[in-house]
Structures are given as structure tokens and as C-alpha cells.
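# Survey of secondary and tertiary structure
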Amino acid sequence: MKVLLIGNPNVGKSVIFSRLTGARVIAANYPGTTVEFAKGSMSFPNIEAEVIDAPGTYSLEPTSKAEEVATSLIDDADLIINVIDSTNLERNLYLTLELIRKTNKPLLVVLNMWDETKHKGVVIDKDKLEDSLGVPVVTTCALTGEGVKELVQRMGQAKISSLKDLKDPIWFEIGEVVKKVQKLFHRHHTPLDVLQDLSIKPPFSFIIAAVVVFLSFSIIRFIGEGLINYIFDPFFKNFYSPVIMKLSGFLIEGSFFHSTLIGDLVGGGVDYGVSFGLLTTGFYIPIAVVLPYIFSFYLILGLLEDWGYLPRLAILGDRLFHKVGLHGYAIIPMILGLGCNVPGALASRLFEARREKFITATLLAIAVPCMAQTAMIINLLGRFGGQYVLLVFSIIFCLWLTLGRIMNIFTRGQSPEILIEIPPYRIPHLKSILKKLWMRINWFLKEAFPIVLLGILIVNILYFLKIIDFLGNIFSPIITKLWGLPQETIGALVVGFLRKDVAVGMLRPLNLSLRQLITGVTILAIYFPCVATFMVLVKELGIKDMLKSTLIMLFTATLVGFALNNILSFIGIQ
Amino acid sequence: MLSLAQLLSGQSAKVISIEGGMGFRQRLENLGIRKGVMIKKAKGMSAYGPIVVKVGSAQIALGRGMASKVIIEVL
């Protein structure tokens, strides 16, 4: 049996989903689209079923791809659970009545956020609503789990309503229902309401945003570095290295297998930054450098998402984003892109217009470094001092702004405006956050880890066949003359097509000067997205626009590399 | 005839009509902004950037161009 959870965005559907399902939850793509939804299974004495958490939708007449997917998922469902925000009954009932009229499936309505109705001055007569709608109605507070048991028990009672055949306009019918079942009372503002209002009201909104962003980055750094220094590094040093050294003795240094699996030994031991073997650097980069940051980034992002802060950031950023031809909501793909460019690129489907998609995708690919890359930049440049890490990110941000301005002027068309619901602040539900975090980390390990290994394998083969030397000779004028980098940097540029973290890691054995490192990591960040992102962008933009975007990337990288090399030399950084 | 863009902050009004195409109207209606509903503009927002309104118990942010297509009657 298939159970579909459907409802407006921000009604707490995902929390109900985590409460119903077991530990094994996966993110699935709707066939032929890039829209994701979560899938899991539930098992209770009275019911066993597959549960699907549809993307949030306001109506069955879809206005976006995500809503289209939500609508198509209905066809496969055996039972529909419509989750409603009790504090916003009238608007939520639109979807309910559409579900009653247009689908022929057993339906059950969940009045979620039931506890919030009390302080919001909303009184709903649940039994009357059940009579009026002709389907079972259950009240829940997903956060505390209240009512979820009743929801499970009553699932068997879900039915097709007799309201199906009414022909009045839906809004009229909603009016009739609401009049019968709901009473509103005036109530006073709570401290949370005040904070909510302040966070969109300048100048407080900007102060709050600055604090939130600063705290988020500090915590991400703190957790990331903590995990590396106290867990992963000691593990690799004390437990993993001895095993590798045993294997090394067995394989004979200098043989093909030794250099592929273990790589070069430095001073008779393994140096995870320099050795570049599959089992050494190939494991160390994704697990000990990148994973800790992926973990901490997605933990904080999950908190911000579920707390409801991101839409407020979108409103604040609206003016800035208009300067680059987008609107404030484009901050969502950008923030997702800071984690991994792939979900960021996927989120650019939120925009319907070709122009918006093009600008978002190009900016994302050039000027939004992913967390894997960021972690490696911190790892590499951090040893010279945090100010240089900051310098690289400032350069990238300036580039974001400049390129965005230019594309805004030269790409034809208008920039559309923002239209979003600002959800109230909500206390995040720990289990849902952890489930989401697990889904994202699982995705990283499954998608990225094999490609890191593949990248390192290819590097070794290319070196072995002397192809890197050959390419280095061809591109030597650009690399050495324009950028002031050693010819061997070509290896990193080649691997950067596959994985940016490995590419940045390849700068390490080259013994670059500070100027060369800053130039190198900046070029690696902007010249091309990794292959996974590239494939998504081709799908979202089409091959023609993606080619255009690629030309912009290559041109920008060449120019910025040249400028950085000269400016840094000029101000005395060697 | 006033539009939502011209409504003063903190003022309430009733939506008379929404100008614009079907798609645009549908998007606003999905968020609860439709003919006949009461709408209240948030207090103390800046003169730039999106307009924030309250419809029912939901808060909606919309661009100024969009707001100028929502015709209202001040009560």
C-alpha cells in the first residue's frame, strides 16, 4: 500500500513523515525530473505501507515543477493524507476541497500545529469539520508527537467524501465550512511574534541577519575543525597509518600498485596531503577533510531551514539580488550551493524564466564554492593564516557581484519579483533534522566518494602515461606566463573537472608560494564546475546556454588568474 | 482606485480585484490573496524591497510591481 502525504509548504508535513516512518528514509527523484521527494516505510500493527512525502503544493493546478510532481504523485497513491496548518485553516482547505473533488482516493485530513491554535486565538470544532468534509479529521502536534497515534489508528477509516459532487465554486464552499467550524479571537503578541516581526524590519533585520550568518559560519567551522582535530586526524594517524605502512612494505615501493594504492612515501611515511594514492589521500580527503564540514554545514542548514529563517533572509537579500537580475529567493540555491553545487543547481528549477536560470546557474558554477572545496581551501591556506582564506572568499564574492551585474545588463529579458510565504518561526524537531542530515550525508558518501577515488585513479594513470606532462607543455604559456603557476598545475585543472576537493588537494605537493596558492585555489574555484554539477546544469539549462555559461567561466578564470598574479606580486605577496 | 503598493504600512484593506494574467492570479490565489479577502500591510518596512502583508494568519512577501496589480479598497 502507498500512502501519500500532501499539503501546503510549511505545514509540518516532513515532521509527520519522520514520525510515521522508520529509520530507512531515502530521497528519490520523480522520473524525468529533478524534483526530489522523501520516501520511507511505516510498520504498525494495523497498517504496513510505503509513505511518500510530496513536495509542498498550494493547489492541484500546479504553478511550478515541484507542484506538478506533487500532483502526479497522487495517481500512484492508495491513500492520501492531507496535512493542514490549523492556524491557517481557510487557505489550506483549498487543497483539501480540490483533493475531495478531483481525486478518487480515500482521504484523511490532519490538522497539524494544533497546539499553536491556542495562542493564536483560533478555535476549530474538529467534529463539525469532520462532518462538513465527510472524511476523518485528526488533530496533531507533530513536534511533541501528540495525535500521531490516533492518525495511525484512523488511517483505515480514510474514505472518499460525498462532497465530491458539489458544484459551487471552491472558495464559496470553503467560506461555508469555515463559518461553521472556526471562531477567531483577538490575542496579544508573544515575544516570538515580536522577534518574528523584527527579523524582517530594518534596521533590526540586518543586525539579526549579520548575527545569524556569523554564528552559523563560526559554528560550522568550530564543529568541522573539532571533528577533524579530535576524531578524524587522530584516527588516521594512530590506527590507519600503521595498517597502510604494513601494506606498503608488502607492495614494494616504486611498483605500479604501490604508487596507485599508496602513492609516494614522504620521509619513509605516509603524508595524506601529498602521497596521492587511492587508499591514502583518496580516503583522507573525503573522510577526514570534507566529511566533517559536510556534516556541520548540513546540520546548521537543517536548523535554519526548519526554524523558518531562510525566507526572511530572502526578503532581506531581495535588493542585492535584483542588482544581479534575480530576486531574493535566489538566495536558496546559492546557500544550498555552498554545501554542494548539485542541489544548488537542482534548486535553480525554482525559476521558470530562462534568463533567471541562466544567471543563477552561471553564478553558482563560478562564484559559489561548495563545502568540499571550501574545506580543502581552509586546509591548504589556513596554515598561512585565516586572513588569506577570507581574502579568497572576498575575491569570489566580488566576482559574484561583478559578473552578476554584467549578466543582468547583457542578458535580455526582465527580472521577475519575489512572491513567497513567510512561515512563522518554529522550534526545529530534532529527529526530522537528523533524518534530513543523514539523507544528505548518505548522498555525499554515495555520490562523491567513488568520484574522488576515480579522480585519484585517473591522476595516477595520467601521470603514468605522461599525459599530464604533455598537456602541461601545451597550456604552459597560460599557466606559467599569465598566472605565474608551475606547469604541473595542469594536473589539478584536469582533475577539477571531476572533483574540486581533489583538485585543490593536488596543489599541496607542488610546494607553491603563497601568491601561487591564492591564485591557484581561486582559479580552481571559478574555471569550471565539477562534472556532477555540469550534468545537472546541462539538463536544467540546455546544451546551448550551458556552452555560453562555460565560455564565461573559462574567460573569467583566465582574466582573474592574470589579475591576481600581478596584483598580488605588486602588493608584495610572493 | 488604490493598489496594494500604495497602501500605507499598518493599514488594512479589502481586495477588489487582481489585474494580470491567469497564471499570476493563480499564484496569488494559492497564497490566499484573492478577491474579497482582507489584507493588512506590515508596519515599519523599508521603502525599498518587497512588501509584506498579512492575509488570514499567513504572512506573504511580494514585489512592488506585483503589489501594484492588486487593487484594494481601504476600510
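The structure this text deals with has already been given above.
Quick summary incoming for the structure in this document. (Residues numbered from 1 in each chain as written. Chains lettered and ligands numbered in written order. Predicted model: local features only at pLDDT ≥ 70, side-chain atom pairs only at ≥ 80, totals over all residues. Heavy atoms only, no water.)

### Things to note about the overall build of chain B
Rules: Where helices and strands are cited, they refer to DSSP runs of H or I of at least four residues and of E of at least two residues respectively, numbered from the N terminus. Radius of gyration here uses only the C-alpha atoms, and the compact-globule reference equals 2.2 Å multiplied by the residue count raised to the power 0.38. Summary of the burial criterion: residues with accessible area below 20% of their type's maximum are buried, those above 50% are exposed, and those between are partly exposed, where the area comes from a 1.4 Å probe applied to protein chains only. Any two residues whose heavy atoms approach within 4.5 Å at even a single point are treated as in contact.
The helix and strand tally for chain B stands at two helices and six strands. Reading chain B from its N end, one meets helices and strands in the order β-β-α-β-β-β-α-β. Taken over C-alpha atoms, the radius of gyration comes to 11 Å for chain B, in line with the 11 Å a tight globule of 75 residues would show. With the principal axes as the frame, chain B shows a C-alpha extent of 30 × 25 × 25 Å. The buried share among the 75 residues of chain B stands at 47%. In chain B, once contacts between residues fewer than 6 apart in sequence are set aside, the share between residues at least 24 apart is 61%.

### Looking at the sheet that holds strand S6 (residues 70-74) of chain B
For clarity, the cut-off: Pairing between two strands is assigned when DSSP locates at least 2 bridges connecting them. In this description, a line fitted to the C-alpha atoms serves as the axis of each element, helices being fitted only across the stretch in contact, and the angle between N-to-C directions of two axes falls anywhere from 0 to 180 degrees.
Pairing is antiparallel in the open sheet, where seven strands are placed in the order S10(A)-S5(B)-S4(B)-S3(B)-S2(B)-S6(B)-S1(B). Edge positions in the open sheet fall to strand S10 (419-422) of chain A together with strand S1 (2-3) of chain B, since each of these has one partner strand only. Direction of pairing for strand S2 (residues 12-18) of chain B relative to strand S3 (residues 38-41) of chain B: antiparallel, over a ladder of three bridges. If you follow Ala13 of chain B over to S3 of chain B, its bridge partner there is Ile39 of chain B. Contacts from helix H1 (residues 22-30) of chain B reach S10 of chain A together with S2, strand S5 (58-62) and S6 of chain B within the one sheet, and its direction differs from that of S2 of chain B by about 150°.

### Some remarks on the interface of chain B and chain A
The figure often quoted for interface size is the accessible area lost as the parts come together. Using the following cut-off: Note on terms: buried area is the combined drop in 1.4 Å-probe accessible area of two parts once they are placed together, counting the loss on both. What makes a salt bridge here is a side-chain nitrogen of Lys or Arg within 4 Å of a carboxyl oxygen of Asp or Glu, nothing more. Counting of polar contacts relies on pairs of N or O atoms within 3.5 Å, with two restrictions inside protein: one atom must be capable of donating a hydrogen and the other of accepting it, and residues adjacent in sequence are counted only when both atoms are side-chain atoms. Gly is placed with the polar residues, together with every amino acid not listed as nonpolar (Ala, Val, Leu, Ile, Met, Phe, Trp, Tyr, Cys and Pro) or charged (Asp, Glu, Lys and Arg).
Listed by partner, the interface residues are 26 residues for chain B and 23 residues for chain A. Taken together, the two surfaces of chain B and chain A that pack against each other cover about 2,400 Å², and 57% of this comes from carbon and sulfur. Where chain B meets chain A, there are one salt bridge. Arg34 of chain B is paired through a salt bridge with Glu90 of chain A; the nearest N and O atoms lie 3.5 Å apart. In this assembly, chain B and chain A are joined by nine residue pairs in polar contact (both at pLDDT 80 or more). When its residues are assigned to classes, the side of chain B that touches chain A shows eleven nonpolar, ten polar and five charged. In terms of strand pairing, S10 of chain A meets S5 of chain B through four bridges, oriented antiparallel.

### Side note on the nonpolar core
Residue and element names in this part refer to chain A. Our working rule: What makes a nonpolar core is a set of buried Ala, Val, Leu, Ile, Met, Phe, Trp, Tyr and Cys residues whose side-chain atoms join them at distances within 4.5 Å.
If you look at the biggest cluster of nonpolar residues, it comprises 131 residues, and the most contacted ones within it are Leu363 and Leu381. No other element matches the 14 residues that helix H11 (residues 281-307) contributes to this core. Not counting residues up to four positions away in its chain, the partners in contact with Leu363 are Val324, Leu326, Met334, Val368, Trp400, Leu403, Gly404 and Met407. One finds Ala70, Val122, Val137 and Trp171 within the second-largest nonpolar core, a separate group that totals 36 residues.

### A few points about a nonpolar patch on the surface
Residues and elements named next belong to chain A. How we decide: Patch criteria: residues need more than 30% relative accessible area and no salt bridge. Like-charged residues are merged within 9 Å; nonpolar side chains of Val, Leu, Ile, Met, Phe, Trp and Tyr are merged within 5 Å. What sets the accessible areas is the Shrake-Rupley method with a 1.4 Å probe; for residues, cover comes only from the shown protein chains.
Taken together, the side chains of Phe256, Phe257, Ile461, Phe464, Leu465 and Ile467 define a hydrophobic patch exposed on the protein surface, amounting to about 590 Å² of accessible area. For the nonpolar patch, the secondary structure elements donating two or more residues are helix H10 (256-261) and helix H19 (430-464). In this fold, Leu465 is placed in the loop between H19 and helix H20 (467-482). Look at Leu465 and you get exposed, because its relative accessible area is 52%.

### Some remarks on unusual backbone geometry
Residue and element names in this part refer to chain A. The step from Pro202 to Pro203 runs through a cis peptide bond, and the omega angle for that step is 0°. Along the chain, Pro203 turns up in the loop between helix H8 (191-198) and helix H9 (204-251). Even without being glycine, Lys466 reaches a positive phi, approximately 65°. With respect to the element layout, Lys466 can be found in the loop between H19 and H20. Residue classification places Lys466 among the exposed positions, given a relative accessible area of 54%.

### What to know about the packing of H9 of chain A against H11 of chain A
Residues and elements named next belong to chain A. Which entries qualify depends on this criterion: Should an angle fall under 35 degrees it is taken as roughly parallel, and over 145 as roughly antiparallel, whereas 65 to 115 is taken as roughly perpendicular and any remaining angle as oblique. Each crossing gets its hand from how the near helix is turned against the far one by less than a right angle, where anticlockwise is left-handed and clockwise is right-handed.
Relative to each other, H9 and H11 sit at 150°, their axes nearing to 9 Å. Overall, the two elements H9 and H11 adopt an arrangement that is roughly antiparallel. Considering how the two elements wind past one another, H9 and H11 form a crossing that is right-handed.

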